[in-house]
Amino acid sequence: MATSIRAVAVSHVGKVRSNNQDSGYAGASLFLVADGMGGHAGGDVASAIATNRIKEIDHDYPTAEDAQVALQSALLAANGLLAETVFEHPELTGMGTTVSAIIRVDDKLALAHIGDSRIYLLRDGELKQVTVDHTFVQRLVDTGRITEEEALTHPRRSVLMRVLGDVDSSPEIDTWTVDTLPGDRWLLCSDGLSGVVKREVIAAILSNVESPKVAAERLVRASLDAGAPDNVTAVIVDVTTAEEEAREPVTVGSASAPVHFEREPSTHTRALRLPALRLHPARPATGPTHFEPQTDDYLDELIEEDQRRARRRRLTWLLSGVLLVVAIALAVLLGYQWTQSRYFIGESSGKVAIFQGVQQNLGPISLSHVYKETAVDVDNLSPYEQQQVEDTINASSLDDARRIVEQLSNDSSN
Ligand code: CA
């Protein structure tokens with residue numbers, strides 16, 4: 001049966017990120033999503049470079065297997081291009097990108113996938129994820145160490161095991177071919193959608209909204225309604241028996257603008273790069289990172305490291321608590337000692353007295369006491385001096401206090 005395609009690509013920066021590191025493409029035969037990551041300003045460059053390179057293979061293929069081979073080579077070429085770019089611009093070190101791509105050949109599709117962007121198929125009202133996330137937590141789920149539920153909130157859920165970038169010259173890319181039927185709706189999306197919007201909500205929107213454009217916009221809206229902590233990109237590909245509509249290729253996200261990165265003086269020394277790094281806002285803590293673990297021992301090591309960290313965190317909290325109590329006690333002690341170095345003149349049982357401490361009270365606690373009662377009767381002082389003594393007279397030292405008392409004593413005997 002002759003089938004045709006209706007497709008759309010949308011991308012949104014989200015509500016938290018300052019730039020869009022996702023790219024999306026809906027072309028003639030090729031459809032893809034790429035989610036970039038990396039140090040400063042690297043993520044948008046990575047996804048744009050990869051997308052622009054892979055776009056070059058958007059044409060007709062005799063068979064899906066040919067398209068599969070073309071995808072495999074294009075993703076590897078993009079990987080090489082990223083490594084070259086990093087070599088020329090060391091400030092981009094660590095940049096990388098996911099890629100999930102489809103090429104349609106009649107009623108077959110060739111797929112390629114690396115990273116944690118996703119491809120879903122909605123068929124007969126049922127949504128199925130056809131890609132496997134190349135994430136640390138997916139490995140943990142696959143090896144039975146944690147449950148799917150736990151994976152959703154795992155602190156390392158954004159850590160990727162495989163991406164295109166400057167780390168591995170021949171990264172492992174999943175490629176395969178599948179049959180597609182009229183009525184199939186394919187969704188390619190970044191984790192800004194799949195990690196934020198519940199699968200049931202995605203399924204409901206894809207099932208209930210006929211227009212791919214409106215459906216894609218609803219998906220982005222759902223992510224925005226959920227706070228959109230990350231860039232959101234969705235590409236929808238509908239397989240229909242309707243007449244083929246004329247379609248212009250659409251590029252969205254960072255690949256839709258000319259690739260641009262700061263031409264900082266290129267240097268391979270780390271010390272010289274650090275000041276440049278500081279000028280850029282720190283990446284959100286949830287930002288993805290990637291690494292290339294070799295064996296399962298590595299996973300065990302990471303799990304152990306997590307546990308060690310948790311223990312260290314508890315110990316740090318305990319120590320901080322103890323230190324805080326000691327610091328408060330010390331502050332109180334020093335404060336009290338300071339008050340006891342102060343003197344003032346006041347009245348005690350009708351006599352002029354020298355008080356040690358300060359006039360103020362700390363709640364019910366008096367911060368002063370009679371240091372020395374004198375023989376001078378307050379009643380014998382002039383009304384002005386009586387008032388002064390009742391109001392208390394500050395002394396700058398004990399000697400000063402004694403001098404003031406002597407003065408009062410002389411005045412009273414005159
Ligand atoms: Ca993302």
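Check the entry above for the structure.
Model, not experiment: these values are computed from the prediction. (Residues numbered from 1 in each chain as written. Predicted model: local features only at pLDDT ≥ 70, side-chain atom pairs only at ≥ 80, totals over all residues. Heavy atoms only, no water.)

(A) A look at a negative patch on the surface. A cluster of acidic residues, Asp142, Glu148, Glu149 and Glu150, forms a negative patch at the surface. Examining the composition of the negative patch, we find that 3 residues originate from one element, helix H4 (residues 148-153), more than from any other. Note on placement: glutamate 150 falls in helix H4. Relative accessible area serves as the criterion here: at 43%, glutamate 150 is assigned to the partly exposed category. (Patch = residues over 30% accessible without salt bridge, like charges linked within 9 Å, V, L, I, M, F, W, Y side chains within 5 Å. Areas by Shrake-Rupley, 256 points an atom, 1.4 Å probe, with all protein chains shown as cover. Salt bridge = Lys/Arg side-chain N within 4 Å of Asp/Glu carboxyl O. Lys, Arg positive; Asp, Glu negative; His and termini not counted. Charge placed at Lys NZ, Arg CZ, Asp CG, Glu CD. Helix = DSSP H or I, 4+ residues; strand = E, 2+ residues; numbered from the N terminus. Buried < 20%, exposed > 50% of the residue type's maximum accessible area, 1.4 Å probe, protein only.)

(B) Fine view of the packing of helix H6 (residues 199-208) against helix H7 (residues 212-225). Contact pair H6 / H7: the axes reach a minimum separation of 9 Å and the direction vectors enclose 155°. Between H6 and H7, the interaxial angle falls into the category roughly antiparallel. As for the relative orientation of H6 and H7, their crossing is right-handed in sense. Together, Val201, Ile202, Ile205 and Leu206 of H6 and Ala215, Arg218, Leu219 and Ala222 of H7 make up the contact between the two elements. The class makeup of the residues in the contact of H6 with H7 is 7 nonpolar, no polar and 1 charged. (Axes fitted to C-alpha atoms, helices over the stretch in contact; angles between N-to-C directions. Parallel < 35°, antiparallel > 145°, perpendicular 65-115°, else oblique. Left-handed = near helix turned anticlockwise from the far one by under 90°. Contact = heavy atoms within 4.5 Å. Nonpolar A, V, L, I, M, F, W, Y, C, P; charged D, E, K, R; others polar.)

(C) A look at the side chain of serine 254. Its place among the elements puts serine 254 in the loop between strand S14 (250-253) and helix H8 (270-278). A polar contact of 2.9 Å, which involves the side chain of serine 254, links it to the side chain of serine 47. Contact partners of serine 254, with chain neighbours within four places excluded, come to Asn20, Gln21, Asp22, Ser23, Asp44, Ser47 and Ala48. (Polar contact = N/O pair within 3.5 Å; in protein donor to acceptor, adjacent residues only side chain to side chain.)

(D) View of the coordination of the calcium ion. For the calcium ion, the full set of protein donor atoms is Asp35 (OD), Asp35 (OD), Asp191 (OD) and Asp230 (OD), and the range of their distances to it is 2.2 to 3.1 Å. Along the chain, the residues donating to the calcium ion fall in the pattern D-x155-D-x38-D. Taken together, the residues span a long stretch of sequence, with aspartate 35 in strand S3 (residues 30-37) and aspartate 230 in the loop between H7 and strand S13 (232-240) at a distance of 195 residues. With respect to class, aspartate 35 is no different from aspartate 230; both count as buried. (Donors = N, O, S within 2.8 Å, 3.2 Å for Na, K, Ca; no water.)

(E) Region of interest: a positive patch on the surface. Taken together, the side chains of Arg311, Arg312, Arg313 and Arg314 define a basic patch exposed on the protein surface. The exposure class assigned to arginine 314 is exposed, which follows from its relative accessible area of 56%.

(F) Spatial organisation of the sheet that holds strand S18 (residues 365-377). The strand order across the open sheet formed by 4 strands is S18-S17-S16-S19, and the pairing between neighbours is antiparallel. The open sheet has two edge strands with one neighbour each: S18 and strand S19 (393-395). The sheet shows a mean angle of 40° between the axes of neighbouring strands, taken without regard to direction. Strands in contact with helix H10 (residues 383-391) are strand S16 (343-348), strand S17 (351-362) and S19; relative to S16, the strand with the most contacts, it is inclined by about 110°. (Pairing = 2+ DSSP bridges.)

(G) Structural context of the side chain of threonine 98. Among the secondary structure elements, threonine 98 is positioned in the loop between strand S4 (96-97) and strand S5 (99-105). Of the polar contacts made by the side chain of threonine 98, one reaches the backbone nitrogen of aspartate 35; its length is 3.0 Å. At 2.7 Å, the side chain of threonine 98 forms a polar contact with the side chain of serine 117. In contact with threonine 98, not counting residues within four places along its chain, are Val33, Ala34, Asp35, Met37, Ile114, Gly115, Asp116, Ser117 and Leu160.

(H) Structural detail: the packing of helix H1 (residues 42-55) against helix H2 (residues 64-88). Viewed as axis vectors pointing N to C, H1 and H2 meet at an angle of 140°, and their least axial separation amounts to 9 Å. One element, H1, and the other, H2, form an angle in the oblique class. Crossing of H1 against H2: the hand is right-handed. For the pair formed by H1 and H2, the contact residues are Ala46, Ile49, Ala50, Arg53 and Ile54 on the first element and Ala74, Leu75, Ala77, Ala78, Leu81, Leu82 and Thr85 on the second. Residues belonging to the contact of H1 with H2 are distributed by class as follows: 10 nonpolar, 1 polar and 1 charged.

(I) Structural context of the pattern of salt bridges. In the structure shown here, the tally under the stated rule is 15 salt bridges. Linking arginine 118 and aspartate 133 is a salt bridge whose minimum nitrogen-to-oxygen distance equals 2.6 Å. Residue arginine 118 is located in strand S7 (residues 118-123), and its partner aspartate 133 is located in the loop between strand S8 (126-129) and helix H3 (136-142); the two are separated by 15 residues in the primary sequence. In this structure aspartate 133 comes out as buried when scored by relative accessible area, which is 9%. Across the pair aspartate 377 and lysine 351 runs a salt bridge, and its minimum N-O distance is 2.9 Å. Taken together, the residues span a long stretch of sequence, with aspartate 377 in strand S18 and lysine 351 in strand S17 at a distance of 26 residues. A relative accessible area of 26% means that lysine 351 is categorised as partly exposed.

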